Amino acid sequence: MKQYRIANSYTAFQISLELDVYDSTIYKWEHGLTKPTLENTNKIIEFMGYDPRIYNPLKTENYELT
């Protein structure tokens, strides 16, 4: 989620408003302190347009491909 949030220029507060959770909840999810409930997981999938547990694109722009 953090990778998506940063890549799309969202703050944790903006994501929390979209998902109807506290911004501290976003922090806890991103740092592995807690996991989203099934209800919140569904909100995340709907917001992001994909399931981040399955689809996790590799960031290659900072790597030299040989």
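Up top you'll find the structure we're talking about.
Rules behind the numbers
- Residues numbered from 1 in each chain as written.
- Predicted model: local features only at pLDDT ≥ 70, side-chain atom pairs only at ≥ 80, totals over all residues.
- Heavy atoms only, no water.
- Helix = DSSP H or I, 4+ residues; strand = E, 2+ residues; numbered from the N terminus.
- Buried < 20%, exposed > 50% of the residue type's maximum accessible area, 1.4 Å probe, protein only.
- Areas by Shrake-Rupley, 256 points an atom, 1.4 Å probe, with all protein chains shown as cover.
- Phe/Tyr/Trp six-rings, centres within 6.5 Å; stacked < 30°, edge-to-face > 60°.
- Core = buried A, V, L, I, M, F, W, Y, C linked by side-chain atoms within 4.5 Å.
- Contact = heavy atoms within 4.5 Å.
- Salt bridge = Lys/Arg side-chain N within 4 Å of Asp/Glu carboxyl O.
- Arc of directions from axis to C-beta.

Q: Looking at this model, I keep getting lost on the overall build of the protein. Mind explaining?
A: Looking only at helices and strands, the protein has 4 helices and 0 strands in total. Reading the protein from its N end, one meets helices and strands in the order α-α-α-α. Considering the protein as a whole, with its 66 residues, one finds that 23% of them fall into the buried category. A total accessible area of about 5,300 Å² is found for the protein, and carbon and sulfur atoms account for 52% of it.

Q: I'm lost on the packing of aromatic side chains in this one. Help?
A: The relation between two aromatic rings is expressed through the spacing of the ring centres and the mutual angle of the planes. Per the counting criterion, the structure on display carries 4 aromatic pairs. Seen in terms of ring centroids, Y4 and Y50 are 6.2 Å apart; in terms of plane orientation they differ by 75°. Their pairing is edge-to-face. Taken together, the positions of Y4 in helix α1 (residues 2-7) and Y50 in the segment after α4 (38-48) put the pair 46 residues apart, joining distant regions of the chain. Here the aromatic cluster, defined as three or more aromatic residues joined through ring pairs, consists of Y4, Y10, F47 and Y50.

Q: Looking at this structure, how should I read the nonpolar core?
A: Note on soluble globular proteins: their nonpolar side chains tend to be buried together. Among the nonpolar cores identified, the biggest contains 8 residues, and these are Y4, I15, L19, V21, I26, W29, I44 and M48. Of all the elements in the fold, those that place two or more residues in this core are α2 (12-19), α3 (23-30) and α4. Ignoring any residue separated from it by four or fewer positions in sequence, one finds V21 in contact with S16, I26, W29 and N40.

Q: What is the right way to read the pattern of salt bridges from this model?
A: For side chains of opposite charge, pairing can occur when their charged atoms come near one another. Counting across every chain of the model gives 2 salt bridges. Residue R53 is joined to D51 by a salt bridge in which the shortest nitrogen-to-oxygen separation is 2.6 Å.

Q: What am I meant to see in unusual backbone geometry here?
A: Negative phi values dominate among residues other than glycine, just as trans dominates among peptide bonds. One non-glycine residue, S9, adopts positive backbone phi at about 60°. Tracing the backbone through its elements, the reader meets S9 in the loop between α1 and α2.

Q: Where do I start with α3 in this structure?
A: Three- or four-residue spacings in an α-helix give side chains the same orientation, since the helix completes a turn every 3.6 residues. Buried within α3 are the following residues: T25, I26, W29 and E30. Along α3, the residues classed as buried sweep out an arc of 130° about the axis, all on the same side. Buried residues belonging to α3 abut α1, α2 and α4. G32 sits one or two residues past α3 and shows a positive phi near 70°.

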